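Take a look at the letters that make up each chain.
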Amino acid sequence: MSKRFEFAVIGAGLIGSAAAKYIATNNNNVILIGPKEPETKINHNGIFGSHYDEGRITRIADIDTTWAYLAKKSIKKYDSIFNFSKIDFYKQVGQLSVGPKSNNIDSYINLIIKSSEEIAYDYHHLNKEEINTRYNNLKFPENSDFILQLNDAGHISPRRLVKAQIKIFTQLNGTYLSSIVNNIKKIQSSFIIKTSDKQEIEAQKVLVCGGGFTNFTKILPIELPIKIRGRTIVLGEININNLSDYELYPSIIHYPDLSGRHYTYILPAIKYPNDKYYIKIGGSNYYTDINTYDESIAWYKSHGNNDEIEAITKELNTIYPSEIFENYTTSTCITTWTKSGYPIIDEIEKNLYVSVGGNGSAAKSSDYIGKISSDLILDNKWDDQVNKNFLSLNYSI
């Protein structure tokens, strides 16, 4: 016999765990279904999550007002999430945006300033000398311009944030099932959900937050208009004797305009579960298209894209002093991209909803993306500060 729930959330990652929490706040007749992190990558052949990581940048500073708003609303909830879960996932070390100095209103730094006029927050507009005074070990091109956001910015552990959200969800008497969904079938006014471990759940309304695996699992009646990219990150290991104050350095987003240089994002020194400290870097113009379920699994088990590794390692050793690194290791994840550049949060058929498409920007904003998704499935409500059309399915087709 099926287990019956009013709501089911499929996908227990950053967005799914947040959405389930908010649904349970209003109605705890809800089940969250999604696998836990595997102990090892190499022996795992099922779904992976891109939140299996210790460092993601969080900040309000953004060239896009929608993403700035989603981030601001989410960051306001960080203290509450910690207070209810007692799981520490956020370090407020600030965030530094770096781009070429320009009078062009469409330059990276000037677009951030323009966006801040609508989504307000405190920041410092600094020159190279002022940055050198604060962070004397960082090196950027001579023509660089800087926005430093010190408050409500830094980095989060996505792994620990998901754990915190699920803990709160279960405290609210929501039901968590660590399984992989492989089939959703509508029968009359209900959905029958089947899992790979032979469990069967019946739900009146379903929200799918499957990230990059959403299409590959073929659980939806349609294929979402998303593209999946494999991305590589490099972790530069720092010996504790060289740690200095690198833990207190800001997270960095850098858009240089020099030939041979690459866009990058950089996390400060973070202690990982193996008790080692790493400075993480990602970005560049390189990525790997992922087109199937098997390609996704293989990508997660791989060392990554060699061109991407070379580019971002060079950037890391240019911005930070290369001598502080003992060695380098790589890791992989997948990112989900939409035509609109925003998540698709929509009802794709009666009582079947999706919240998919982080576009490489959703970790910091996942709490409020989950809130918007829960409001839609609970009461068909929407925050009028967010353009619903931008996040609709049709806008990304």
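As a starting point, this report considers the structure included with it. (Residues numbered from 1 in each chain as written. Predicted model: local features only at pLDDT ≥ 70, side-chain atom pairs only at ≥ 80, totals over all residues. Heavy atoms only, no water.)

## Some thoughts on unusual backbone geometry
Argument step 1. One non-glycine residue, Lys-198, adopts positive backbone phi at about 70 degrees.
Argument step 2. Tracing the backbone through its elements, the reader meets Lys-198 in the loop between strand E11 (190–195) and strand E12 (200–208).
Argument step 3. A positive phi angle is found at Asn-351, which is not glycine, with a value near 70 degrees.
Argument step 4. With respect to the element layout, Asn-351 can be found in the loop between strand E20 (344–349) and strand E21 (352–356).
Argument step 5. For Asn-351, a relative accessible area of 15% gives the class buried. (Helix = DSSP H or I, 4+ residues; strand = E, 2+ residues; numbered from the N terminus. Buried < 20%, exposed > 50% of the residue type's maximum accessible area, 1.4 Å probe, protein only.)

## Points about the layout of surface pockets
Argument step 1. Of the pockets and cavities examined, the second largest pocket occupies roughly 350 Å³.
Argument step 2. Together, 18 residues line the second largest pocket, and Glu-54, Lys-91, His-155, Ile-270 and Lys-271 are the ones closest to its centre.
Argument step 3. Within the residue set of the lining of the second largest pocket, elements represented by two or more residues are strand E4 (90–91), strand E8 (154–156) and strand E16 (270–271).
Argument step 4. Residue classes in the lining of the second largest pocket are distributed as ten nonpolar, two polar and six charged. (1 Å grid on protein atoms, 1.4 Å probe; cavity = no way out; pocket = protein on both sides within 12 Å on 5 of 7 lines; lining within 4 Å. Points joined across faces, edges and corners; volume = space filled by probe spheres on them. Nonpolar A, V, L, I, M, F, W, Y, C, P; charged D, E, K, R; others polar.)

## Topic: the sheet that holds strand E3 (residues 56–58)
What links the strands of a sheet is backbone hydrogen bonding, and the strands pair in either a parallel or an antiparallel sense.
Argument step 1. The antiparallel open sheet is built from three strands, whose spatial order is E3-E8-E4. Across the chains shown, the open sheet's two edge strands, defined by having one partner strand only, are E3 and E4.
Argument step 2. Where E4 lies against E8, two bridges are found, and the strand directions are antiparallel. What sits directly across from Lys-91, in E8, is His-155. (Pairing = 2+ DSSP bridges.)

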